[in-house]
Amino acid sequence: METGKSKELFIRAQKTIPGGVNSPVRAFRSVGGTPLFIQKAKGSYLYDADGNKYIDYIASWGPMILGHAHEEVVRAIQERAANSTSFGAPTELEIEMAELITGMVPNVDLIRMVSSGTEACMSAVRLARGFTGRNKILKFEGHYHGHADSFLVKSGSGMATLKIQTVPGITPGVAEDTLTAAFNNLHAVEEQVKKYSGEIAAIIVEPVAGNMGCVPPEKGFLESLRALCDKENIILIFDEVMTGFRLAPGGAQEKLGIRADLVTYGKVIGGGMPVGAFGGRKEIMEHIAPLGKVYQAGTLSGNPIAMIAGITTLKILKENPSIYKELQEKTRYLQDGLEEVLHKKNFPFVINRFGSMISLHFTDYPVTDFESSSQSNMERFSQFFHGMLEQGIYLPPSAFESWFLNNAISTRDLDETIDAADQLSIS
Ligand code: KE4
């Protein structure tokens, strides 16, 4: 692929933007090479600044579940923008969004809109601390809940990609209130809960982890977390920024049949515009200002353009639940095809999948937590990534990310992807 324009833009970008990107994982640091500057996208295809076409397996890290530039979403944004882009006052659209979400997901009586997944998770943790009067939280190694101070302890996604385990600027006071445990290791959680009995406000978990690659919960693990939180009066927060409205209309709570006390959302609910949300049972959410004293605010929270993009996306998902079955079947087809062609090569690999979340790990051990994910062969992943990119397949530029299928992807796209993997010669 000729990528001269991207190379030029990357040099220019680094003069005024740290690392030339506005989010670290986009910089290709762990896979090497120059990030592609994307000019436009339609359906399942991205087009870079040099006009090269790629099949997109990032979908903007989840939001573009319907495919890029969906006619209804674009038209709704265009029409709404003509009435101004923001008021800083309540709008009917925010009520429509809140009614849509609380009608689609279980166990959420009240929901507050924010502008990112980080804001949603940060606010949910503050609420849990305010509601319980406790200071500590427990998160899982390799899970990523955004870049709020409390979460940047042994996190996944870009932190794992860049091998950053402790972040300068996070004070000891903040770090000491964030406990960690290995995902799928109930004993490790029980030990922390026993040691800090009465001090833990919340356990926050990606119910299906997506930031160390895709790592599903082992049978009974989340159920045990639920029981432990009930017993110890700890708030269970499901971070569904990635799984929400992707695994099922009701997200992981519906798919797994487990109820969290608070749930956070992002990505899909914005349809590509900046949106996050947190919600839960009335008795907890009523502590959020202006009802209660747990302060949380945002200039562009519930922004009308973001709302209409999200509402349009969610309505299409709600009215066409077959999309979930289609996405799941497409991802299964991809998994079967990749397994068939990669088994012919002479290196070990593992494919993890849950619904339409999938990841490939070059290892011969099961990937069940951050440690096992970290043991995979990153050099081989980089070769695979670039080998696929050269053939027009755009995968997440990190072994610590899930791939995201959008529903515009066709069987032909999937076959092209599988064939590209078959053509690769990786050492
Ligand atoms: P944002 O603040 O980036 O909207 O959401 C943070 C977040 C929270 N919770 C989960 C489970 C998430 O996956 C994320 C963000 N996901 C990453 C991709 N793994 C965003 C990509 C990026 O950082 O550029």
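Only a predicted model underlies this, so the values are computations on that prediction, with no experimental measurement involved.

**As for the overall build of the protein**
Then comes step 1: Helices and strands together make up the secondary structure of the protein, namely 15 helices and 14 strands.
Then comes step 2: The globule rule puts the C-alpha radius of gyration for 427 residues at 22 Å, and the 21 Å found for the protein is close to it.
Then comes step 3: Based on the C-alpha atoms only, the size of the protein along its principal axes is roughly 55 × 55 × 45 Å.
Then comes step 4: A buried classification covers 57% of the 427 residues belonging to the protein.
Then comes step 5: Within the protein, residue pairs in contact and separated by at least 24 positions form 73% of the contacts whose partners lie at least 6 positions apart.
Then comes step 6: As presented, the protein carries roughly 17700 Å² of accessible surface, and 51% of it is formed by carbon and sulfur atoms.

**Side note on the packing of helix α12 (residues 322–342) against helix α15 (residues 411–423)**
Then comes step 1: Contact pair α12 / α15: the axes reach a minimum separation of 9 Å and the direction vectors enclose 20 degrees. With respect to α15, the axis of α12 lies roughly parallel. The two elements α12 and α15 meet at a crossing, and its hand is right-handed. When α12 is examined against α15, the residues K330, Y333, L334, G337, L338 and V341 are found in contact with a partner set consisting of T411, L414, D415, T417, I418, A421 and D422.

**Section: the pattern of salt bridges**
Then comes step 1: Tallied over the entire structure, the rule returns 14 salt bridges.
Then comes step 2: As a salt-bridge pair, K231 and E232 come within 3.3 Å of each other at their nearest N and O atoms.
Then comes step 3: Among the charged side chains, a network of salt bridges with common partners joins R226, D230, D261, R281 and E283.

**As for the domain arrangement of the protein**
Then comes step 1: The domain architecture assigned to the protein consists of domain 1 (4–69 + 321–423) and domain 2 (71–319).
Then comes step 2: A straight line from the C-alpha centre of domain 1 to that of domain 2 covers 24 Å.
Then comes step 3: Domain 1 puts 37 residues into the contact, and the matching count from domain 2 is 42 residues.
Then comes step 4: Both sides of the domain 1 and domain 2 interface together cover about 3200 Å² of buried area, and 67% of this is carbon and sulfur.
Then comes step 5: It is Y324, F354 and F370 in domain 1 that bury the most area against domain 2; as a group they hold 24% of the surface buried on that side.
Then comes step 6: On inspection of domain 1 and its partner domain 2, the count reaches 1 salt bridge.
Then comes step 7: The partner of K42 in a salt bridge is E71, and the shortest N-O contact between them spans 3.0 Å.
Then comes step 8: Inspection of the region where domain 1 meets domain 2 yields 17 residue pairs in polar contact (both at pLDDT 80 or more).
Then comes step 9: Counting only elements with at least two residues in the side of domain 1 that touches domain 2, the list comes to α12, β11 (350–354), β12 (357–361) and α13 (370–374).
Then comes step 10: Per-element tally for the side of domain 1 that touches domain 2: the top contributor is β12, with 4 residues.

**Let's talk about the layout of surface pockets**
Then comes step 1: By volume, the second largest pocket amounts to about 440 Å³.
Then comes step 2: Elements supplying a minimum of two residues to the lining of the second largest pocket: α3 (92–104) and β4 (110–114).
Then comes step 3: Tallied by class, the residues present in the lining of the second largest pocket amount to 10 nonpolar, 9 polar and 3 charged.

Criteria and cut-off values
Residues numbered from 1 in each chain as written. Predicted model: local features only at pLDDT ≥ 70, side-chain atom pairs only at ≥ 80, totals over all residues. Heavy atoms only, no water. Helix = DSSP H or I, 4+ residues; strand = E, 2+ residues; numbered from the N terminus. Rg over C-alpha atoms; globule rule 2.2 N^0.38 Å. Buried < 20%, exposed > 50% of the residue type's maximum accessible area, 1.4 Å probe, protein only. Contact = heavy atoms within 4.5 Å. Areas by Shrake-Rupley, 256 points an atom, 1.4 Å probe, with all protein chains shown as cover. Axes fitted to C-alpha atoms, helices over the stretch in contact; angles between N-to-C directions. Parallel < 35°, antiparallel > 145°, perpendicular 65-115°, else oblique. Left-handed = near helix turned anticlockwise from the far one by under 90°. Salt bridge = Lys/Arg side-chain N within 4 Å of Asp/Glu carboxyl O. Domains from an automatic or database assignment. Buried area = accessible area lost by both parts, 1.4 Å probe. Polar contact = N/O pair within 3.5 Å; in protein donor to acceptor, adjacent residues only side chain to side chain. 1 Å grid on protein atoms, 1.4 Å probe; cavity = no way out; pocket = protein on both sides within 12 Å on 5 of 7 lines; lining within 4 Å. Points joined across faces, edges and corners; volume = space filled by probe spheres on them. Nonpolar A, V, L, I, M, F, W, Y, C, P; charged D, E, K, R; others polar.

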